[in-house]
Amino acid sequence: MKPSNRCSKRTDDVIMDAFISLVKKKGFKRVTVKDILENAHVNRSTFYRYYLDKFDLLDKLENQLLAGLREIENSVAFDLVIKDGITSETRKDTEKFIKYMYENGELFALLTNDPCCGSGFISKSKEAIKNLWNEKDFFSQLAVPQIYAMDALINTANGIIFDWAKNGFRESPEEFIEIYIKVIGAIPQNIFKNTKNP
């Protein structure tokens, strides 16, 4: 059972930081639990109090990132984005989303650059978006078949965001927001029914 006090949180953070650092240096495939123990300066029983193995640690890191994204998604006025695209009113949500990714940039870069990590995280992020669309009943509002709508929006958004991460966040968040809006902004209006577009 995982402890739940401040000391435990610090220990958990130290383990995660050591893991991230090691994956950056060696790649996920070559990192061992022993490496993590040595770099985090924790013993084996401490590690196993938090994680089953390195795959469980990776899974929890991915889920932690996705939970943060989900929190932002819960505040988005999707009906306005579908109707009008990204406007000054909905831009704030886009800014929150991009800034969250930038603030967690090291982890996003790791999850998108390492071949053993990237595909799992990308699949999870697509699945999370699909679940959100189901919850919000977006599929019934589509003007194009579901598979193409998902590809148009999700693959385009994920593609440019993950490229931004892979390239070390070359553009500032403010610069990238402008790029993101230019690329993604009109897609919702084109794939959903009853929008401004005929």
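The residue numbering used here restarts from 1 in each chain and proceeds along that chain's sequence as written. Local features in a predicted model are, by the rule used here, given only for residues with pLDDT of at least 70; side-chain atom pairs are given and counted only at 80 or more, and totals for whole chains, interfaces and linings are based on all residues. Based on all heavy atoms of the structure, the side-chain values leave hydrogens and waters out of the count.

### Focus on a nonpolar patch on the surface
And step 1. Distance thresholds for patches are 9 Å for like charges and 5 Å for nonpolar side chains (Val, Leu, Ile, Met, Phe, Trp, Tyr), applied to residues having over 30% relative accessible area and no salt bridge. Here the Shrake-Rupley method, with its probe set to 1.4 Å, supplies the accessible areas, and only the displayed protein chains count as covering residues. What counts as a salt bridge is simple: a side-chain nitrogen of Lys or Arg found within 4 Å of a carboxyl oxygen of Asp or Glu. Residues Val144, Ile147 and Tyr148 make up a contiguous nonpolar surface patch of roughly 300 Å² in combined accessible area.
And step 2. Residue position: Val144 is located in the loop between helix H8 (115-135) and helix H9 (146-166).
And step 3. Here the term buried applies to any residue with accessible area under 20% of the maximum for its type, exposed to any over 50%, and partly exposed to those in between, with areas from a 1.4 Å probe on protein chains only. A relative accessible area of 30% places Val144 in the partly exposed class. A run of DSSP states H or I qualifies as a helix once it reaches four residues; a run of E qualifies as a strand once it reaches two. Both are numbered from the N-terminal end.

### Examining the packing of helix H4 (residues 54-73) against helix H7 (residues 105-113)
Each packed pair of helices is defined by two parameters, the angle between the axes and the distance between the axes.
And step 1. Here an angle of 0 to 180 degrees is reported between the N-to-C directions of two axes, which are lines fitted to C-alpha atoms, with helices fitted over the stretch in contact. Between H4 and H7, the least distance of the axes is 11 Å, while the angle of their chain directions is 120°. With respect to H7, the axis of H4 lies oblique. Here the hand of the crossing between H4 and H7 comes out left-handed. Facing H4, whose interface residues are Leu58, Leu61, Glu62, Leu65 and Leu69, H7 presents Leu107, Phe108 and Leu111.
And step 2. Each residue belonging to the contact of H4 with H7 can be placed in one class, and the counts come to seven nonpolar, no polar and one charged. Just so you know how the angles are binned, under 35 degrees is roughly parallel, over 145 roughly antiparallel, 65 to 115 roughly perpendicular, and the rest oblique. Crossing handedness is read from the near helix: turned anticlockwise from the far helix by less than a right angle, it gives a left-handed crossing, and turned clockwise, a right-handed one. Residues are treated as being in contact if the distance between any of their heavy atoms lies within 4.5 Å. Charged means Asp, Glu, Lys or Arg here, nonpolar means Ala, Val, Leu, Ile, Met, Phe, Trp, Tyr, Cys or Pro, and polar covers whatever is left, Gly included.

### Observations regarding helix H6 (residues 88-103)
And step 1. Multiply 1.5 Å by the residue count of a helix minus one, and that product is the helix's expected span. Its 16 residues give H6 an end-to-end C-alpha distance of 23 Å, which sits within 8% of 22 Å, the value for a rise of 1.5 Å per residue.
And step 2. Among all positions in H6, only Thr90, Asp93, Thr94, Phe97, Ile98, Tyr100 and Met101 are buried. End-on, the buried residues of H6 take up no more than an arc of 155°, which puts them together on one face. For H6, the exposed residues lying more than 90 degrees away from the buried face are Ser88, Glu89, Lys92 and Glu103.
And step 3. Contacts from the buried residues of H6 go to H4, helix H5 (78-84), H7, H9 and helix H10 (173-184). What the arc covers is the set of directions going from the helix axis to the C-beta atoms.

### Some points on the layout of surface pockets
And step 1. Approximately 650 Å³ is the volume found for the largest pocket.
And step 2. A pocket here means an open set of points on a 1 Å grid, computed over the protein atoms alone, that has protein on both sides within 12 Å along at least five of seven lines. A cavity is instead a set of points where a 1.4 Å probe fits but cannot get out; residues with an atom within 4 Å of a point line either one. Along the wall of the largest pocket there are 34 residues; nearest its centre are Glu73, Phe78, Phe97, Ile129 and Tyr180.
And step 3. Those elements that place two or more of their residues in the lining of the largest pocket are H4, H5, H6, H8, H9 and H10.
And step 4. Its residues placed into classes, the lining of the largest pocket shows 27 nonpolar, four polar and three charged.
And step 5. Grid points are joined across faces, edges and corners, and a volume is the space filled by probe spheres set on the points. The calculated volume of the second largest pocket comes to roughly 210 Å³.
And step 6. As for the second largest pocket, its lining consists of 14 residues, and the residues nearest its centre are Ile20, Leu61, Gln64, Asn104 and Leu107.
And step 7. Of all the elements in the fold, those that place two or more residues in the lining of the second largest pocket are helix H1 (6-26), H4, H6 and H7.
And step 8. Here the element with the most residues in the lining of the second largest pocket is H1; it accounts for five residues.
And step 9. The residue makeup of the lining of the second largest pocket, split by class, is six nonpolar, three polar and five charged.

This is a description of form; function is not addressed.
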